[in-house]
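Here is how the chains run, residue by residue.
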Amino acid sequence: MTAPEPSRAAAFLLGVRALLPMYLGVIPFGIIYGVVALQSGIPPLAAVLMSSIVFAGSAQFILAQLVGAGAPGLLIVGAVGLVNLRHALYSASVAPMLGGLPRRWKILLAYLLTDEAYAAAIPHLMSGAARGHWILFGAGFALWAGWQAATLIGVVMGAYLPADLSLDFALPLTFIAIVVPLLTDGRRIAVAVVAAALAVLLEAWPYKLGLFFAALGALAAAGILSRWSRP
Amino acid sequence: MSLTAVIVITGLLTFAIRLSFIALEGRYQPPGWFVQLLPFVPIAALTALVAPELLLVGGRLSVGADNPRFWAGVVAVVVAAWRRSVLLTIGCGFAALWLMRLL
């Protein structure tokens, strides 16, 4: 790392800034998680620690629900593994861009690799931005800090959220703002359409498996379309 | 299995899934077709994440007047295509959602 100090800070802040709009959706989600965890009979300390040990929004909700329902531990572990399978796709996607980094960086960024951090950083990573790992770190850290704070608020104070405002909708809106500029040709649009159609068709599958297989199906479509368009 | 064990094991499992391909990088050369598909991952995964939230109401496909999220999503797609601004997209999306609720 011979890069000048300000550039690292600038890259880090770029990641933070890319993630900040998602707070609108993430903070209420984290507060509700804290409340749901306590209602499921999870002790406050465990509920808070889960947000840093597991650090995966929807998986933590399912974990809390299954604990509340008295499900066996092995089933809970399996369910969370299935819910988080999609993160393997993110891992594959960012891996080539993190190849030359020291092991401690890979461990740190893997720990921080959530839906939100990935979405915030991937346009920058794909455009070959300098110090992409600092951008991903900034986005991942911002999400981590917000998630911990929101969990703490939910556990300590409970939820007093204006449900009418549908703040959770901020996340899909942000993802739309990230994905639409990536749809630069017909093949990419077709991949998005296949992903949307499969996700809707498979939505009823348990443990968000429909989401994972919809993404895989769309990638298969991308492969087929690439083969066709080759001379 | 104690709650502590469940939390620690699920945490390790989640971390292992996220680390998987990052850890393999450089030690294993994935096949060419795999590498060629990687640029499509953001589109495939993030669209799959968003689509059900826009298109389904109570598990059923709905693109009518009873689904303001779909129309707010349409507005957001148009705004995102027109101006590549995240804040503007969120602002217009929420404005459309709340407006449709009022009507």
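All values derive from a computational prediction rather than experimental measurement. (Residues numbered from 1 in each chain as written. Chains lettered and ligands numbered in written order. Predicted model: local features only at pLDDT ≥ 70, side-chain atom pairs only at ≥ 80, totals over all residues.)

Here we take up the overall build of chain B. What chain B contains, in helices and strands, is five helices and two strands. Order of helices (α) and strands (β) in chain B, N terminus to C terminus: α-α-α-β-β-α-α. The globule rule puts the C-alpha radius of gyration for 103 residues at 13 Å, and the 20 Å found for chain B is more than 25% above it. Its C-alpha atoms give chain B principal-axis dimensions of about 55 × 45 × 25 Å. Evaluated residue by residue, chain B yields a buried proportion of 45% over its 103 residues. In chain B, 28% of the contacts between residues at least 6 apart in sequence involve partners at least 24 apart. (Helix = DSSP H or I, 4+ residues; strand = E, 2+ residues; numbered from the N terminus. Rg over C-alpha atoms; globule rule 2.2 N^0.38 Å. Buried ≥ 20, exposed ≤ 12 C-beta atoms within 10 Å, placed from the backbone. Contact = placed C-beta atoms within 7 Å.)

Here the focus is the interface of chain B and chain A. Taken together, the contact between chain B and chain A spans 60 residues of the former and 75 residues of the latter. Of all the secondary structure elements, the ones that give two or more residues to the side of chain B that touches chain A are α1 (3-24), α2 (32-37), α3 (41-55), α4 (68-82) and α5 (86-102) of chain B. Sorting elements by how many residues they give to the side of chain B that touches chain A places α1 of chain B first, with 19 residues. A per-class count over the side of chain B that touches chain A returns 44 nonpolar, eleven polar and five charged. (Nonpolar A, V, L, I, M, F, W, Y, C, P; charged D, E, K, R; others polar.)

What follows covers the packing of helix α5 (residues 73-83) of chain A against α1 of chain B. Across the interface, α5 of chain A lies against α1 of chain B with an axial gap of 9 Å and an inter-helix angle of 25°. When the axis of α5 of chain A is compared with that of α1 of chain B, the two are roughly parallel. Considering the relative orientation of α5 of chain A and α1 of chain B, their crossing is right-handed. Residues Gly-73, Ile-76, Val-77, Val-80 and Gly-81 of chain A of α5 of chain A lie in contact with α1 of chain B, whose contacting residues are Ala-5, Val-6, Ile-9, Thr-10, Leu-13 and Thr-14 of chain B. In terms of residue class, the contact of α5 of chain A with α1 of chain B is made up of seven nonpolar, four polar and no charged. (Axes fitted to C-alpha atoms, helices over the stretch in contact; angles between N-to-C directions. Parallel < 35°, antiparallel > 145°, perpendicular 65-115°, else oblique. Left-handed = near helix turned anticlockwise from the far one by under 90°.)

So, about helix α3 (residues 44-53) of chain A. All buried positions along α3 of chain A are accounted for by Ala-47, Met-50 and Ser-51 of chain A. Buried residues in α3 of chain A, looked at end-on, bunch into an arc of 100°, giving them a common side. (Arc of directions from axis to C-beta.)

Here we take up the domain arrangement of chain B. The domains assigned to chain B are domain 1 (1-30) and domain 2 (38-102). Here the C-alpha centroids of domain 1 of chain B and domain 2 of chain B sit 32 Å apart. (Domains from an automatic or database assignment.)

A few words now on the nonpolar core. Ranked by internal contacts, the top residues of the largest apolar core, which has 114 residues, are Ala-195, Ala-215 and Ala-218 of chain A together with Ala-44 and Ala-48 of chain B. Of all the elements, α3 of chain B adds the most residues to this core, at eleven residues. Residues lining this core come from more than one domain, with at least three contributed by each of domain 1 (1-30) and domain 2 (38-102) of chain B. Setting aside residues no more than four positions away along its own chain, Ala-195 of chain A makes contact with Ala-214, Ala-215 and Ala-218 of chain A together with Ile-43, Ala-44, Thr-47, Ala-48 and Ala-51 of chain B. (Core = buried A, V, L, I, M, F, W, Y, C linked by C-beta atoms within 7 Å.)

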